[in-house]
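This is what each chain is made of:
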Amino acid sequence: MERIPNAGPWVTDKEVAYVADAARNAWYTSANLYNDRFEEAFARYVGVRHAISVPHCTSAIHLALMTLGIGPGDEVIVPELTWIATAAPITQVGATTIFADVDPVTLCISADALAKCISPRTRAVIPVDLYGGMPDWEALRRVANQYGVTLIEDAAESIGSEYHGVKAGALGQIGVFSFHGSKTLTTGEGGMFVTDDSQLYERAQFLRDHGRSPSDRSLFNTEVACKYKMSAMQAAFGLAQLERIDELVGRKREMFSWYQEELGEIPGLTLNAEPDGVFNSLWMTNVMLDPGFGLTKDDIRPRFAENAIDYRPLFHPLSSLPAFEKRPEAAAARERNRVAYHLSPLGVNLPSSFRLTREHVARVGRVLREALAATGKLHEPAKAGG
Ligand SMILES: *Cc1c(COP(=O)(O)O)cnc(C)c1O
């Protein structure tokens, strides 16, 4: 049986040609050519003034926190259900991480939960556009504005998504993207920091090159900062991918439609949400199991393994991870964040790589139906013609 990978890129001759050109020519006075082109095209695509290419999204988040001057004594709020990269840089700058509950439909941070987490020490919140889906940005903005809290949008998984016509990445004061090999647009490893705010942009440019201005030629550093740059070869790869972004997002949505055909009519299974006004770029299809089945994501794992399907769970609540669990903020979160703790065991990410075929989706569908049928609680409605 051919193994079905969970995630992976779509690479064409265009990427290879751009990288080969960068390898030969992006040196001397042309050293920044591909980075400049990638950043300009990216900013235009997202609809913001500035973009800075960096080694990965984790560094973009670290850079965002440094740019905002966040450090010891400050608090930053993150959703419970996300990859640890959203939160890890908060610890790195010496600030305190506060874990907020999520909305049961979008699985993204909820505005009510955010409001409950705000204290006089809160400096920023990092909402995550989970799997390409969108939180209620309007409500989040209302809360953030009321308390003077900065919004950093973690758009690592959501390039191409839109909220009421605004592209993912442009919804906060700063947006960050990941181009990890698993993401919709990849550069192998890579990331982008975007902002519409020229002051934040200037400060980030200064901090990401060892505390000196981008025009410095005298090796004269005025602060200790960091070194976060992307190579020209990666930028060339990213530019080629960006020129194909509609095709990439279109394929993600097509794959999701296959899952809808396969699973959409099974009562008790819920796929990714796309509320009114949202365009979901669907980086990763996620299925939620109704608790009535008595199944959890752990029960699906061996069935996927037997059928050569890569297993990937919905994120565990961050406050439950050994990395955070001993902190008092994590203990408080475990008491408070009911929705995340209820839903996390019930979610399974379904294979969403660019190698996915309709036949793969049929196999995933069959295995899931078998798992549900084994509970004796599956009553599939008769399909027309089926
Ligand atoms: C992938 C991802 C990141 C981290 O991206 P890297 O480029 O690997 O640093 C951050 N946040 C979310 C939500 C992600 O999915």
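Below is a short write-up of the structure. Computed from a prediction, not measured in an experiment: that's the story for all the values here.

Before going further, it helps to examine the overall build of the protein chain. Check the secondary structure of the protein chain and you find 13 helices and 14 strands. Here the C-alpha radius of gyration of the protein chain, 21 Å, is about what a compact globule of 386 residues would show, namely 21 Å. Principal-axis analysis of the C-alpha atoms gives the protein chain an extent of 75 × 50 × 35 Å. Buried positions account for 55% of the 386 residues belonging to the protein chain. Of the contacts made within the protein chain by residues no fewer than 6 positions apart, 70% connect residues no fewer than 24 positions apart. Across the protein chain, the mean location of the 39 positive side-chain charges is 3 Å away from that of the 47 negative side-chain charges.

With that settled, consider the pattern of salt bridges. For the structure on display, the rule yields 18 salt bridges. Between R358 and E261 there is a salt bridge; the shortest N-O distance is 3.0 Å. With R358 in helix α13 (residues 358-373) and E261 in helix α9 (residues 245-263), this pair connects stretches of sequence that are 97 residues apart. Under the relative-accessibility criterion, E261 is labelled partly exposed at 47%. Within this structure, D209, R212, D216 and K229 form a network of salt bridges that share partners.

In this section: the site of the ligand. T58, D154, E157, S178 and K183 are the nearest of the 14 residues found near the ligand. Note that an oxygen atom of the ligand is positioned 2.6 Å from one of the side-chain N or O atoms of T58. Each residue belonging to the shell around the ligand can be placed in one class, and the counts come to five nonpolar, six polar and three charged.

Moving on, we get to the nonpolar core. Ranked by size, the top nonpolar core spans 50 residues in total, and within it F38, F42, I77 and F177 carry the most contacts. Those elements that place two or more of their residues in this core are α1 (13-25), α2 (33-46), β3 (96-100), α5 (111-117), α6 (137-147), β9 (191-195), α8 (232-242) and α9. Discounting chain neighbours no more than four positions away, the residues touching F42 are I159, F177, F179, M192, V194 and L242.

Taken in spatial order, the three strands make up an open sheet running β7-β6-β11, and their pairing is antiparallel. A strand with exactly one partner marks an edge of an open sheet, and here the two such strands are β7 (166-167) and β11 (278-279). Bridge count for strand β6 (residues 162-163) against β7 is two bridges, and the pairing is antiparallel. From the neighbouring strand, Y163 faces β7, where its bridge partner is V166.

Before going further, it helps to spend a moment on α1. It helps to recall that an α-helix has 3.6 residues per turn; residues three or four apart then point in one direction. The terminal C-alpha atoms of α1, which comprises 13 residues, lie 18 Å apart, in line with the 18 Å expected from a rise of 1.5 Å per residue. Those residues of α1 lying buried are E15, Y18 and A22. For α1, the angular spread of the buried residues around the axis is 70 degrees, confining them to a single face. Across α1 from its buried face, at more than 90 degrees, point the exposed residues D13, V16 and R24. The elements touched by buried residues of α1 are α2 and α8.

Parameters at a glance
- Residues numbered from 1 in each chain as written.
- Predicted model: local features only at pLDDT ≥ 70, side-chain atom pairs only at ≥ 80, totals over all residues.
- Heavy atoms only, no water.
- Helix = DSSP H or I, 4+ residues; strand = E, 2+ residues; numbered from the N terminus.
- Rg over C-alpha atoms; globule rule 2.2 N^0.38 Å.
- Buried < 20%, exposed > 50% of the residue type's maximum accessible area, 1.4 Å probe, protein only.
- Contact = heavy atoms within 4.5 Å.
- Lys, Arg positive; Asp, Glu negative; His and termini not counted.
- Charge placed at Lys NZ, Arg CZ, Asp CG, Glu CD.
- Salt bridge = Lys/Arg side-chain N within 4 Å of Asp/Glu carboxyl O.
- Near = heavy atom within 4 Å.
- Polar contact = N/O pair within 3.5 Å; in protein donor to acceptor, adjacent residues only side chain to side chain.
- Nonpolar A, V, L, I, M, F, W, Y, C, P; charged D, E, K, R; others polar.
- Core = buried A, V, L, I, M, F, W, Y, C linked by side-chain atoms within 4.5 Å.
- Pairing = 2+ DSSP bridges.
- Expected span 1.5 Å × (residues − 1).
- Arc of directions from axis to C-beta.

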